[in-house]
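If you want the building blocks of each chain, they are given just below.
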Amino acid sequence: YIGDYFKKNILRLHTKLLHHKKIKIIIIGTLCLDPILAPRFNIDREVEIYNIMIKLISKKYGIDSSEIWYKSHPRLTYDDWKFKKKNLNCSTYSYQHGTIAEVELLNKDLRAVYSMNSTALYYAKKIFDLDSYLIDVRDEDCHPSAYKQAYYLANQFDVATIHI
């Protein structure tokens, strides 16, 4: 099965895997802010959506928000990361955290993965057999084709969608 080879290769990327038992849920960030194409879908709105999700996730899984971790996109600016760290109502990976999101999916204590748009979301569902949820932002003032494509792929891969 190709998924087994994928997992083996991911393990090779990070030989000293240290997974924290306190990480139960990961929200995988994406680069969704384009002030020209989508001026109203700014970082404030993105954080607002994530905080709504954090509240829902805490209730659904009966966990503390500190067990929900936000992993930023590797190209997120440091200033945007600092803003999210300050304003998100969950734990945040450090800005220097160098592992790719797929490495985090090997955590045996991980229960689910959420994202607005990340390929790791589909790997989580199909290869790692984790509960996976697309945060559907198609109705937001954001890049329309990217999030329509994310919704289409979520349906193709049986990833549940949550509309805020």
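Residues numbered from 1 in each chain as written. Predicted model: local features only at pLDDT ≥ 70, side-chain atom pairs only at ≥ 80, totals over all residues. Heavy atoms only, no water.

Undergrad: Tell me about helix H2 (residues 43-61), residues and numbers included.
TA: For an α-helix, the turn length of 3.6 residues means that residues three or four places apart are oriented alike. With 19 residues, H2 should cover 27 Å at 1.5 Å per step; its first-to-last C-alpha distance of 26 Å lies within 8% of that length. For H2, every residue scored as buried is listed here: Ile43, Arg45, Glu46, Val47, Ile49, Tyr50, Asn51, Met53, Ile54, Ile57, Ser58 and Tyr61. Of the surrounding secondary structure, the elements contacted by the buried residues of H2 are strand S1 (25-28), strand S2 (68-71), helix H3 (78-87), strand S4 (112-115), strand S5 (131-136) and strand S6 (160-163). The opening residue of H2, the one whose side-chain oxygen lies 3.1 Å from the backbone nitrogen of Asp44, is Asn42. Backbone geometry just after H2 places Gly62 at a positive phi near 65°. (Helix = DSSP H or I, 4+ residues; strand = E, 2+ residues; numbered from the N terminus. Expected span 1.5 Å × (residues − 1). Buried < 20%, exposed > 50% of the residue type's maximum accessible area, 1.4 Å probe, protein only. Contact = heavy atoms within 4.5 Å. Polar contact = N/O pair within 3.5 Å; in protein donor to acceptor, adjacent residues only side chain to side chain.)

Undergrad: Explain the packing of H2 against H3 residue by residue, including any values.
TA: In contact at an axis separation of 11 Å, H2 and H3 are set at 35° when each is read in the N-to-C sense. Both H2 and H3 take part in a crossing whose hand is right-handed. In this structure, H2 contributes Ile43, Asp44, Glu46, Val47 and Asn51 to the contact, and H3 contributes Asp80, Phe83, Lys84 and Asn87. Along the lines of polarity and charge, the residues of the contact of H2 with H3 split into three nonpolar, two polar and four charged. (Axes fitted to C-alpha atoms, helices over the stretch in contact; angles between N-to-C directions. Left-handed = near helix turned anticlockwise from the far one by under 90°. Nonpolar A, V, L, I, M, F, W, Y, C, P; charged D, E, K, R; others polar.)

Undergrad: Go over unusual backbone geometry with me, naming the residues and quoting the values.
TA: Located in the positive-phi region is Asp129, a residue other than glycine, with phi close to 55°. Positionally, Asp129 belongs in the loop between helix H5 (119-126) and S5. Here the phi dihedral of Asp158 falls at roughly 55°; this positive angle occurs in a residue that is not glycine. Relative to the assigned elements, Asp158 resides in the loop between helix H6 (144-156) and S6.

Undergrad: Which residues make up the sheet that holds S1, and what values go with them?
TA: An order of S3-S2-S1-S4-S5-S6 is seen for the six strands of this open sheet, with the pairing classed as parallel. Of all the strands in the sheet, just strand S3 (91-92) and S6 have a single pairing partner and so form its edges. Looking at chain direction, S1 and S2 are connected through four bridges and run parallel. Bridging across to S2, Ile25 finds its partner in Ile68. Contacting S1, S4 and S5, H5 runs over the sheet at an angle of about 150° to S5. (Pairing = 2+ DSSP bridges.)

Undergrad: For the packing of aromatic side chains, give the residues involved together with the corresponding values.
TA: For the structure shown, the criterion picks out seven aromatic pairs. Arranged with centres 5.0 Å apart and planes meeting at 75°, the rings of Tyr78 and Tyr95 form a pair that is edge-to-face. Residue Tyr78 is located in helix H3, and its partner Tyr95 is located in the loop between S3 and helix H4 (101-104); the two are separated by 17 residues in the primary sequence. Ring pairs connect the aromatic residues Tyr78, Trp81 and Tyr95, which therefore count as one cluster. (Phe/Tyr/Trp six-rings, centres within 6.5 Å; stacked < 30°, edge-to-face > 60°.)

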